[in-house]
Amino acid sequence: MTELESAKRMARALRQALAAKSIDVAHSQALELVAQSLGHADWNTLCGAQGAPAPTDAPALQNATPILRMFDIAKAKAFYVDLLGFRIDWEHRFEPGYPLYMQVSRDGVRLHLSEHHGDGTPGSVVFIGIAGLDAFHAELKAKGSRAEIEPGPSPDIRVLSLWDPFGSRLRFAETRPRAEGEMAAGYTVPAG
């Protein structure tokens, strides 16, 4: 039996023993008390020490979806769909004639495009990781783009930057794969 399984059993036994004395303790409180009695700061620390996931009620960030402002639907679709190859997942308006809000996606990357005042700011930058930057560059060139691949913020990264019709910039960045144990270019190991 692992320390984690043992700790869970101890927490159940603690709750039962306290309940027999008319002391009500929540299961999460019992887990915290047991973890501390075993020398851990809290239950999450005990789980981490065991390589187990944190309790299911712990927050877990999933993804981020940038909202970019658009001022012309036809230009937005020409850029994001026709040029970049995104697909329109859905479109929403509160009423006919109201501003459009839509989601476009490609290969797991989602962007929200909005005509709503206050959504997104022209001049925003979205950094998008990509594998196959040269193929993507060729795809864009075949569609008439003059964007070029440039060095990125480190020698291991190459970037293709495009401005959308509304002043936001998309930076498609590819990181050069490193051999096992190889440090990133420009980084040194501290003496020690």
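Each remark here, short or long, concerns the structure printed above.
Residues numbered from 1 in each chain as written. Predicted model: local features only at pLDDT ≥ 70, side-chain atom pairs only at ≥ 80, totals over all residues. Heavy atoms only, no water.

### Thoughts on the packing of helix 1 (residues 3-20) against helix 3 (residues 43-50)
Here comes step 1: The N-to-C vectors of helix 1 and helix 3 enclose an angle of 150°; their axes lie 9 Å apart at closest approach. Regarding the angle of helix 1 to helix 3, the classification is roughly antiparallel. The residues of helix 3 that touch helix 1, namely those facing Glu3, Leu4, Ala7 and Lys8, are Trp43, Leu46, Cys47 and Gln50. (Axes fitted to C-alpha atoms, helices over the stretch in contact; angles between N-to-C directions. Helix = DSSP H or I, 4+ residues; strand = E, 2+ residues; numbered from the N terminus. Parallel < 35°, antiparallel > 145°, perpendicular 65-115°, else oblique. Contact = heavy atoms within 4.5 Å.)

### Observations concerning the nonpolar core
Here comes step 1: The biggest cluster of nonpolar side chains holds 24 residues, and the ones touching the most others in it are Tyr80, Leu84, Leu113, Leu160, Leu162, Leu170 and Phe172.
Here comes step 2: With 12 residues, the next largest nonpolar core counts Ala7, Val25, Ala30 and Leu46 among its residues. (Core = buried A, V, L, I, M, F, W, Y, C linked by side-chain atoms within 4.5 Å. Buried < 20%, exposed > 50% of the residue type's maximum accessible area, 1.4 Å probe, protein only.)

### Thoughts on the sheet that holds strand 8 (residues 169-175)
Here comes step 1: The sheet built from four strands is open, its strands ordered 5-8-7-6 with mixed pairing. Either end of the sheet is taken by a strand with one partner, and the two such strands are strand 5 (125-129) and strand 6 (149-151). Pairwise comparison of adjacent strand axes, ignoring direction, gives a mean angle of 30° for this sheet.
Here comes step 2: Alignment of strand 6 against strand 7 (residues 157-163), held across three bridges, turns out to be antiparallel. Note on strand 7: the bridge partner recorded for Glu150 is Val159.
Here comes step 3: Lying on the sheet, helix 5 (residues 133-142) is in contact with strand 6, strand 7 and strand 8; it crosses strand 7 at an angle near 25°. (Pairing = 2+ DSSP bridges.)

### Examining the sheet that holds strand 4 (residues 109-114)
Strand pairing within a sheet occurs via backbone hydrogen bonds; the two strands may be parallel or antiparallel.
Here comes step 1: Spatially, the four strands line up as an open sheet ordered 1-4-3-2, and their pairing is mixed. Looking along the sheet, the strands with just one partner apiece sit at the ends: strand 1 (67-69) and strand 2 (87-92). Within the sheet, the average angular offset between the axes of one strand and its neighbour, ignoring direction, is 25°.
Here comes step 2: Relative to strand 4, strand 1 runs parallel, the two sharing three bridges. Paired with Leu68 across the bridge in strand 4 is Leu113.

### Notes on the packing of aromatic side chains
Here comes step 1: Counted by the stated rule, this structure contains five aromatic pairs.
Here comes step 2: Considering the side-chain rings of Phe71 and Phe166, the 6.0 Å spacing of their centres and the 65° angle between planes classify their relative orientation as edge-to-face. Note that Phe71 is positioned in the loop between strand 1 and helix 4 (73-83) and Phe166 in the loop between strand 7 and strand 8, a separation of 95 residues in sequence.
Here comes step 3: Judged by relative accessible area, Phe166 falls into the buried class, the value being 9%.
Here comes step 4: Arranged with centres 4.7 Å apart and planes meeting at 50°, the rings of Phe136 and Phe172 form a pair that is tilted. Here the residue Phe136 occupies a position in helix 5, and Phe172 occupies one in strand 8, the gap between them amounting to 36 residues.
Here comes step 5: Residue classification places Phe136 among the buried residues on the basis of a relative accessible area of 4%.
Here comes step 6: Take Phe172: its relative accessible area is 4%, and that puts it in the buried class. (Phe/Tyr/Trp six-rings, centres within 6.5 Å; stacked < 30°, edge-to-face > 60°.)

### Considering the pattern of salt bridges
Here comes step 1: Enumeration according to the criterion identifies 10 salt bridges in this entry.
Here comes step 2: A salt bridge links Arg158 to Asp134, with the nearest nitrogen and oxygen atoms 3.1 Å apart. Taken together, the residues Arg158 in strand 7 and Asp134 in helix 5 connect sequence positions 24 residues apart.
Here comes step 3: Looking at Arg158, the relative accessible area reads 30%, which means it is partly exposed.
Here comes step 4: Between Asp156 and Arg176 there is a salt bridge, with the nearest N and O atoms lying 3.3 Å from each other. Here the residue Asp156 occupies a position in the loop between strand 6 and strand 7, and Arg176 occupies one in the segment after strand 8, the gap between them amounting to 20 residues.
Here comes step 5: Residue Asp156 is classed as buried on the basis of its relative accessible area, which comes to 3%.
Here comes step 6: The exposure class of Arg176 is partly exposed, given its relative accessible area of 38%.
Here comes step 7: A single salt-bridge network, built from bridges that share partners, covers Arg106, Asp107, Glu139 and Lys143. (Salt bridge = Lys/Arg side-chain N within 4 Å of Asp/Glu carboxyl O.)

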